[in-house]
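Results of the structural survey
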Amino acid sequence: MYRKLTNALLVLSLLLSATLIPFLAAQPGDQGAAGLLPVVPEAHAQAGLPPLPSGWPSTLPIGKADAPGGAAALKAQAPFGYRYQYLAGGANTG
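Just so you know, these numbers come straight off a predicted model, no measurement behind them.

Reading guide: rules and limits
- Residues numbered from 1 in each chain as written.
- Predicted model: local features only at pLDDT ≥ 70, side-chain atom pairs only at ≥ 80, totals over all residues.
- Heavy atoms only, no water.
- Helix = DSSP H or I, 4+ residues; strand = E, 2+ residues; numbered from the N terminus.
- Buried < 20%, exposed > 50% of the residue type's maximum accessible area, 1.4 Å probe, protein only.
- Contact = heavy atoms within 4.5 Å.
- Areas by Shrake-Rupley, 256 points an atom, 1.4 Å probe, with all protein chains shown as cover.
- Patch = residues over 30% accessible without salt bridge, like charges linked within 9 Å, V, L, I, M, F, W, Y side chains within 5 Å.
- Salt bridge = Lys/Arg side-chain N within 4 Å of Asp/Glu carboxyl O.
- Polar contact = N/O pair within 3.5 Å; in protein donor to acceptor, adjacent residues only side chain to side chain.

A word on the overall build of the chain
Scanning the chain from N- to C-terminus turns up 2 helices and 2 strands. From first element to last, N terminus to C terminus, the chain shows the α and β order α-β-α-β. Residue burial in the chain is summarised as follows: out of 94 residues, 5% are buried. When contacts within the chain are restricted to residue pairs at least 6 apart in sequence, those whose partners lie at least 24 apart make up 0%. Surface exposure of the chain reaches about 8,800 Å², of which carbon and sulfur atoms provide 65%.

Overview of a nonpolar patch on the surface
A grouping of Leu 5, Leu 9, Leu 12 and Leu 16 is seen on the molecular surface, where their side chains present a nonpolar patch of about 390 Å² in accessible area. Structurally, Leu 9 is set in helix 1 (residues 2-24).

Section: the side chain of Asp 66
Secondary-structure assignment places Asp 66 in the loop between strand 1 (63-65) and helix 2 (71-77). We classify Asp 66 as buried; its relative accessible area is 19%. A polar side-chain atom of Asp 66 sits 2.7 Å from a polar atom in the side chain of Arg 83. Contact partners of Asp 66, with chain neighbours within four places excluded, come to Ala 71, Leu 74, Arg 83, Tyr 84 and Gln 85.

And the structure:
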């Protein structure tokens, strides 16, 4: 049973690879294998990003979860931009 399954998987993988290799080997500008797949043109990177809208911050602050009363200790660790408390007790309990 194991040998038959192994042989069947080997045959299946060979058939799939023989079917897919022509599609994967198509060069840009070709019509794909026998013209069956359209070839997507190459994408080029932009020269630069557009400017930020006025009033937007130039940095992205990060935050950390903290219990009530721990603001001073959190501020001493690092200059976090945000501090939040995770509230999960009693929500949707019926």
